[in-house]
Amino acid sequence: MTETTYRILVADDDEMIRELHAEFVRGFGYEVEVAADGIEAIAKIGLGVDLVLTDAHMPNLDGFDVARRIRETKSSEELPIVMATSLEAREDRLRAYEVGINDFINKPVDPTELRLRLKWLLELKSAHDKLRASRQTLEDTVQRRTKELRHALEEVTRAQRLVQEGHLDTIRRLTLAAEYKDHDTAGHI
């Protein structure tokens, strides 16, 4: 059984913090993509990342806007997003949840806490992915079986028509036979 290698996008405008977080993530055994701002982060989502670790405050698009845009994309609506932030205001946290942030980690980031949060969210994502794949397999199977059932039903209907035509043909032939055997009865039939 092969183990999945996850790809984490680390988005932070501070190069030193971005590289520190990227090193942490590499140390946990994950592949890393980095982005210096929200625009680059959105562009790199298309590379097939499994989780986004974003800063709250970045130029161009901040972490809130990045999360909102990710959630607007059907293919990425379940992508886990962790916000690394020093924001502690209740309003900021509520806003983050409203735009689709899954979890927070306070700056400065504790590597052990980061490893555990990433592990938990990636396991959850993996379970969602397996469920989605199973659902798709089930839908494909149902569609295939429905098609097969429709074809079988058409065959049964065709066979029933042939049987009905055979019954009517038998009745016609018996009538003809009766007419030839007894001319008096033939007039009544």
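Before reading further, recall that the structure is shown in the block above.
Residues numbered from 1 in each chain as written. Predicted model: local features only at pLDDT ≥ 70, side-chain atom pairs only at ≥ 80, totals over all residues. Heavy atoms only, no water.

Caption draft 1: Main features of the pattern of salt bridges. Across all of its chains, the model carries 22 salt bridges by this definition. Residues K119 and E123 are paired through a salt bridge, measuring 2.9 Å at the closest nitrogen-oxygen approach. Of this pair, K119 and E123 are both found in helix 5 (residues 111-181), four residues apart, which corresponds to roughly one turn of the helix. Relative accessible area serves as the criterion here: at 40%, K119 is assigned to the partly exposed category. Between R158 and E155 there is a salt bridge whose closest N-O contact spans 3.2 Å. Taken together, the residues span about one helical turn, with R158 and E155 both in helix 5 at a distance of three residues. Its relative accessible area of 34% is what places E155 among the partly exposed residues. Ionic contacts of the salt-bridge type, sharing partners, join the residues R7, E31, E33, E40 and K44 into one network. (Salt bridge = Lys/Arg side-chain N within 4 Å of Asp/Glu carboxyl O. Helix = DSSP H or I, 4+ residues; strand = E, 2+ residues; numbered from the N terminus. Buried < 20%, exposed > 50% of the residue type's maximum accessible area, 1.4 Å probe, protein only.)

Caption draft 2: Spatial organisation of the sheet that holds strand 5 (residues 103-106). Read across the open sheet, the five strands follow the order 2-1-3-4-5; overall the sheet is parallel. Two strands close off the open sheet at either side, each with one partner strand: strand 2 (31-35) and strand 5. Between one strand and the next, the sheet's axes are offset by a mean angle of 20 degrees, whatever the strand orientation. As judged from the four bridges shared by strand 3 (residues 51-55) and strand 4 (residues 81-85), these two strands associate in the parallel manner. Its bridge partner being in strand 4, D55 is matched across the sheet by A84. Where helix 1 (residues 15-27) meets the sheet, its contacts fall on strand 1 (7-11), strand 2, strand 3 and strand 4, and the angle it forms with strand 2 comes to roughly 165 degrees. (Pairing = 2+ DSSP bridges. Axes fitted to C-alpha atoms, helices over the stretch in contact; angles between N-to-C directions. Contact = heavy atoms within 4.5 Å.)

Caption draft 3: Main features of helix 5. With 71 residues, helix 5 extends 103 Å from end C-alpha to end C-alpha; this agrees with the ideal 105 Å at 1.5 Å per step. Close packing links the buried residues of helix 5 with strand 1, helix 1, strand 3, strand 4 and strand 5. (Expected span 1.5 Å × (residues − 1).)

Caption draft 4: Layout of the environment of E72. Positionally, E72 belongs in helix 3 (residues 63-72). Measuring from C-alpha to C-alpha, the distance between E72 and L51 comes to 16 Å, with 21 residues separating the pair along the chain.

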